[in-house]
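Coordinates in review
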Amino acid sequence: MYEISFTLNGKSVTTRAHPLARFLDVLREEFGMTGVKEGCGEGECGACSVLKDGRIVNSCILSVGMIEGCSIETPEGISATEKGALISDGYAEAGAVQCGFCMTGMLVATEALLRENPDPDEWTIRTAISGNLCRCTGYALVVDGVQRAAERRAAGTQPARMQPGGQS
Ligand code: FES
Ligand code: FES
């Protein structure tokens, strides 16, 4: 066992783990980050996506030893921000959430995209979410949701949960 320290959603944390332990398991079991899902477990579906130093990675194929000193953002951390909440609002307005299993990974991919390109065209959005598999939507509704999120972020709209009658 080794002590491995990193930043998780803005807070400094340390875990004692085997350096080859799957980062997905450490996030879910030790830190309660259950928004990080396990789908395929082999780097194909994107359900386990997180941001590592701002870049999207699949936590199921990452060992925790590779995280030392890194900044990690999970769906929980992203959706706690106003800009992140606007992604969820965009998805909701577009009707993009069906079974919902893929959506936390989609949220991470969308956040990574909109930080880099706040006004992406359809092709750019489809490319950005191409590592996130969705069995339900056919992707068109997700693309629409990302576009609506981008518009809300550009307009400085308040997240629905912060508006009168919204859930905090
Ligand atoms: S569970 Fe990690 S990519 Fe599918
Ligand atoms: S909404 Fe069901 S897998 Fe995407």
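Given the structure is predicted, the values throughout are model-derived calculations rather than measurements.

Next up on the list: helix α6 (residues 140-155). The first and last C-alpha atoms of α6 sit 23 Å apart over 16 residues, in line with the 22 Å expected at 1.5 Å per residue. Among all positions in α6, only V142, V143, G145, V146, R148, A149, A150, R152 and R153 are buried. The secondary structure elements touched by the buried residues of α6 are α3 (82-94), α4 (103-116) and α5 (122-128). Just past α6, the residue G156 takes up positive phi, approximately 70°.

The next point concerns the environment of T14. Following the sequence through the fold, T14 ends up in strand β2 (residues 11-17). For the pair T14 and D144, spaced 130 residues apart in sequence, the C-alpha to C-alpha distance is 39 Å. Those residues within four positions of T14 in sequence are excluded, and the remaining contacts are E3, I4 and S5.

F23, M106, V108, A109 and V142 are the most contacted members of the largest nonpolar core, which has 46 residues in total. Residue assignment for this core shows that the elements contributing at least two residues are β1 (2-8), α1 (23-30), β3 (49-52), β4 (55-58), α3, α4, α5 and α6. The greatest single-element share of this core, amounting to 8 residues, is contributed by α4. Composition of this core by domain shows at least three residues from each of domain 1 (2-75) and domain 2 (81-156). Contact partners of A109, with chain neighbours within four places excluded, come to G46, S49, I56, A128, I129, G131 and N132.

With that settled, consider the pairing of β2. In regular strands, side chains alternate between the two faces of the sheet. In the sheet, β1 pairs with β2 via 7 bridges, with the strands oriented antiparallel. For Y2, the partnering residue across the bridge sits in β2 and is A17. Count of turn residues in the β1/β2 antiparallel hairpin: 2 residues, of which N9 carries a positive phi of about 50°.

Judged by pairing direction, the sheet is mixed, and its 5 strands sit side by side in the order β2-β1-β5-β3-β4 without closing on themselves. One side of each edge strand has no neighbouring strand; the edge strands of this open sheet are β2 and β4. Looking at each pair of strands side by side, their axes are set apart by 40° on average, direction ignored. Helix-sheet contacts for α4 involve β3 and β4, and the interaxial angle to β3 is about 35°.

Our focus in this paragraph is the domain arrangement of the chain. Split by domain assignment, the chain resolves into domain 1 (2-75) and domain 2 (81-156). For domain 1 versus domain 2, the distance between C-alpha centres works out to 22 Å. Taken together, the contact pairs 13 residues of domain 1 with 12 residues of domain 2. Of all the secondary structure elements, the ones that give two or more residues to the side of domain 1 that touches domain 2 are β3 and β4. With 3 residues, the top contributor of residues to the side of domain 1 that touches domain 2 is β3.

Here the focus is the packing of α4 against α6. It is at 11 Å that the axes of α4 and α6 come closest, and there the two elements cross at 45°. Judged by the inter-axis angle, α4 sits oblique to α6. Read as a crossing pair, α4 and α6 show a hand that is right-handed. Judged by residue contacts, M106, T110 and L114 of α4 engage V142, V146, A149, A150 and R153 from α6. Taken together, the residues of the contact of α4 with α6 break down into 6 nonpolar, 1 polar and 1 charged.

About the cut-offs
- Just so you know, the residues in each chain are numbered from 1, in the order the chain's sequence is written.
- By the order in which they are written, chains take letters starting at A while ligands take numbers starting at 1.
- Thresholds applied to this predicted model are a pLDDT of at least 70 for local features of residues and 80 or more for the giving and counting of side-chain atom pairs; totals over whole chains, interfaces and linings are not thresholded and use all residues.
- Secondary structure is summarised from DSSP: a helix means a run of H or I of at least four residues, a strand means a run of E of at least two, and numbering begins at the N terminus for each.
- One fewer than the residue count of a helix, multiplied by 1.5 Å, yields its expected span.
- The exposure scheme places C-beta atoms from the backbone and then counts, for each residue, the other C-beta atoms within 10 Å of its own, assigning buried at 20 or more, exposed at 12 or fewer, and partly exposed in between.
- Once C-beta atoms have been placed from the backbone, residue pairs whose C-beta atoms lie within 7 Å are recorded as contacts.
- A set of buried residues drawn from Ala, Val, Leu, Ile, Met, Phe, Trp, Tyr and Cys, joined through C-beta atoms within 7 Å, is what defines a nonpolar core.
- Boundaries between domains were set according to an automatic or database domain assignment.
- Whether two strands pair depends on DSSP finding at least two bridges between them.
- Orientation is described by lines fitted to C-alpha atoms, with helices fitted over the stretch in contact, and by angles between N-to-C directions that extend from 0 to 180 degrees.
- Convention used here: angles under 35 degrees read as roughly parallel, angles over 145 as roughly antiparallel, angles from 65 to 115 as roughly perpendicular, and any remaining angle as oblique.
- Note: crossing handedness is left-handed where the near helix turns anticlockwise from the far helix by less than a right angle, and right-handed where it turns clockwise.
- For this classification, the nonpolar set comprises Ala, Val, Leu, Ile, Met, Phe, Trp, Tyr, Cys and Pro, the charged set comprises Asp, Glu, Lys and Arg, and every other residue, Gly included, is treated as polar.

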